[in-house]
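Residues per chain are reported as follows:
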Amino acid sequence: MTLIPVPSAAIIVVAAGSGTRLGAGAPKAFVGIDERSILAHALEGVFAADPLQVIVVAPVGREGEAEAELRAAGGDRADLGVVVTGGETRQSSVAAGLAALWGDVRTVLVHDAARALTPSSLIDAVVAAVDERTGVIPALPVVDTLKKVDDDLVVAAVDRAVLAAAQTPQGFPRAALEASYAAALASGAEYTDDAALFAAAGHGVRRIPGSERAFKITTGADLERARHLIGSAPAAPHTAPRPAAVLPRVGVGTDVHAFGGDGVLWLAGLEWPGEPALSGHSDGDVVAHAIVDALLAAAGLGDIGEHFGTSHPEYAGAHGAVFLSRTREILAAAGYAIGNVSVQFQGNRPRFSPRRAEAEGVLSAALGGAPVSVSATTTDGLGFSGRAEGIAATAVALVAAIGQERPGTLER
Ligand code: CTP
Ligand code: MG
């Protein structure tokens, strides 16, 4: 068991607001940025900082959910956390948090859960900057040109150089903060933030540089900004169709021809003088025919019988390269480019490797330059190819849809 020393600093994470301006139909802290809520993200930053007592101030009736978020985010530090119930105003919610401080705590940070993406380094920086008398706020320079207005009349310019935009966490020495809250309770005054309440009691406040990521999620646009920053789609993915992703497609083709044709062998786009011919409607080039079937299958365009079979007498006796260049035209007309082709034939003859490069060059040229690799194997005397009755070939082809919407376009 790991014993965690009692921290001398605490952070009160106020999460009890209703989120009226966000209008998400749930208390703001429980609205999802991605699959995790605003509170979960805020607590992730808090627990990534140096160890602190963590007091989560939850809306009435939502304490159990807040506890679950606390346990999930805290991991083995979850015992440093406690959930209390918030009040009607932010100020009363902070007061509820103050009542839960452990005795050893000397420095108190007050933090809006709504600043969900606040970096842990900012939390550490605030803790480090607090001293026994002075409060600390993170603040950013004001970038807009500011005007003092009276209704719709601009009455004065305001020098933005003397202004800063306050963020949280704001840090304070504990005793002075408790005294300031007691004074505010006694007077009934409401302040816009803890630094104002602390200053009203006569204490000094310093500022340190804030963080762009510590912005407060107030409106729907702020929530979108947070989603964008964490690279997340909206929590409700069904509201808009996802963009289509074009994926390549593969196809497989096989062919078998028996020996017994007239003339000499044609195989892999080459003539093989002295070798027995394969029989068939065309030249019987099983390598070329397997490639044709693989390409047509990859593009979903039927098979070799449909495009080159006996009902197409113009291909009687045609060589493999003719089939391939015509197949390439069929694919191009349908919007497909050929990626590459791999083909292997099984046969005892011919001895292939001396002419491999030549064959690959012819086949590739017929396909417009797409790479074609050809290998040859025997079957240890088994089967029809082992008995030298014929040759079989198997091809795999990769194609990609180009330009127009084709069956290769997949919704992901
Ligand atoms: N807060 C709180 N208790 C309240 C009011 C606000 O703990 N009674 C918390 C909110 O949960 C938030 C932070 O104070 O983390 C800053 O408040 P704000 O952004 O105004 O949040 P909401 O009050 O929830 O939003 P709205 O004003 O739009 O209703
Ligand atoms: Mg509010």
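Residues numbered from 1 in each chain as written. Chains lettered and ligands numbered in written order. Predicted model: local features only at pLDDT ≥ 70, side-chain atom pairs only at ≥ 80, totals over all residues. Heavy atoms only, no water.

Participant: Report on the domain arrangement of the chain, specifying residues and quantitative values.
Facilitator: Domain boundaries assigned for the chain yield domain 1 (9–225) and domain 2 (248–401). Inter-centroid distance (C-alpha atoms) of domain 1 to domain 2 is 71 Å. (Domains from an automatic or database assignment.)

Participant: Can you break down the site of ligand 1 residue by residue, with the values?
Facilitator: Around ligand 1 there are 18 residues in total, and Gly19, Thr20, Lys28, Ser93 and Lys216 lie nearest to it. Ala16 has a polar backbone atom sitting 2.8 Å from an oxygen atom of ligand 1. Interatomic distance of 3.1 Å between a backbone N/O atom of Ser18 and an oxygen atom of ligand 1. For ligand 1, whose unbound accessible area comes to 560 Å², protein coverage reaches 87%. Partitioning the shell around ligand 1 into residue classes produces five nonpolar, seven polar and six charged. (Near = heavy atom within 4 Å. Polar contact = N/O pair within 3.5 Å; in protein donor to acceptor, adjacent residues only side chain to side chain. Areas by Shrake-Rupley, 256 points an atom, 1.4 Å probe, with all protein chains shown as cover. Nonpolar A, V, L, I, M, F, W, Y, C, P; charged D, E, K, R; others polar.)

Participant: Break down the environment of Ser375 for me, with residues and values.
Facilitator: The residue Ser375 is located in strand β15 (residues 372–377) in this model. A residue is classified by how much of its surface remains accessible, and Ser375, at 26% relative accessible area, is partly exposed. C-alpha separation for the pair Ser375 and Val287, spaced 88 residues apart in sequence, amounts to 10.0 Å. (Helix = DSSP H or I, 4+ residues; strand = E, 2+ residues; numbered from the N terminus. Buried < 20%, exposed > 50% of the residue type's maximum accessible area, 1.4 Å probe, protein only.)

Participant: Please set out the nonpolar core residue by residue, giving values where relevant.
Facilitator: If you look at the biggest cluster of nonpolar residues, it comprises 46 residues, and the most contacted ones within it are Leu267, Val287, Ile291, Leu295, Leu331 and Leu367. Counting residues per element, this core draws most heavily on helix α8 (residues 286–299), which supplies eleven residues. Not counting the four nearest positions on each side in its chain, Leu267 is found in contact with Trp272, Leu278, Asp285, Val286, Val287, Phe345, Pro350 and Ile391. Val13, Phe47, Leu109 and Ala129 belong to the second-largest nonpolar core, a separate cluster that totals 27 residues. (Core = buried A, V, L, I, M, F, W, Y, C linked by side-chain atoms within 4.5 Å. Contact = heavy atoms within 4.5 Å.)

Participant: Could you give an account of α8, naming the residues involved and the relevant values?
Facilitator: Given 3.6 residues to a turn, an α-helix orients residues that are three or four positions apart in the same direction. Here α8 spans 20 Å end to end across 14 residues, near enough to the 20 Å set by a 1.5 Å rise per residue. Most of α8 is tucked away, with 13 of its 14 residues classed as buried. The backbone nitrogen of Val287 has a side-chain oxygen 3.1 Å away, supplied by the residue at the start of α8, namely Asp285. Following α8 by one or two positions, Gly300 adopts a phi angle in the positive range, close to 70°. (Expected span 1.5 Å × (residues − 1).)

Participant: Describe the packing of helix α3 (residues 90–98) against helix α5 (residues 174–187), with residues and values.
Facilitator: With their axes 11 Å apart at the nearest point, α3 and α5 run at an angle of 135° to one another. The angle between the axes of α3 and α5 places the two elements in the oblique class. Crossing geometry of α3 relative to α5 is assigned as left-handed. Where α3 abuts α5, its residues Gln91, Val94, Ala95 and Leu98 lie against Leu177, Glu178, Tyr181 and Ala184. In terms of residue class, the contact of α3 with α5 is built from six nonpolar, one polar and one charged. (Axes fitted to C-alpha atoms, helices over the stretch in contact; angles between N-to-C directions. Parallel < 35°, antiparallel > 145°, perpendicular 65-115°, else oblique. Left-handed = near helix turned anticlockwise from the far one by under 90°.)

Participant: Could you give an account of unusual backbone geometry, naming the residues involved and the relevant values?
Facilitator: Note the cis peptide between Thr168 and Pro169, where omega equals 10°. For Pro169, the position within the fold is in the loop between β8 (164–166) and β9 (170–173). Residue Arg349 is joined to Pro350 through a cis peptide bond whose omega torsion reads -5°. Its place among the elements puts Pro350 in the loop between β14 (336–346) and α11 (356–366). The phi dihedral of Ala268 is positive, around 55°, even though this residue is not glycine. Within the secondary structure layout, Ala268 lies in the loop between β12 (249–267) and β13 (270–278). Ala268 gets classed as buried once you look at its relative accessible area, which sits at 0%.

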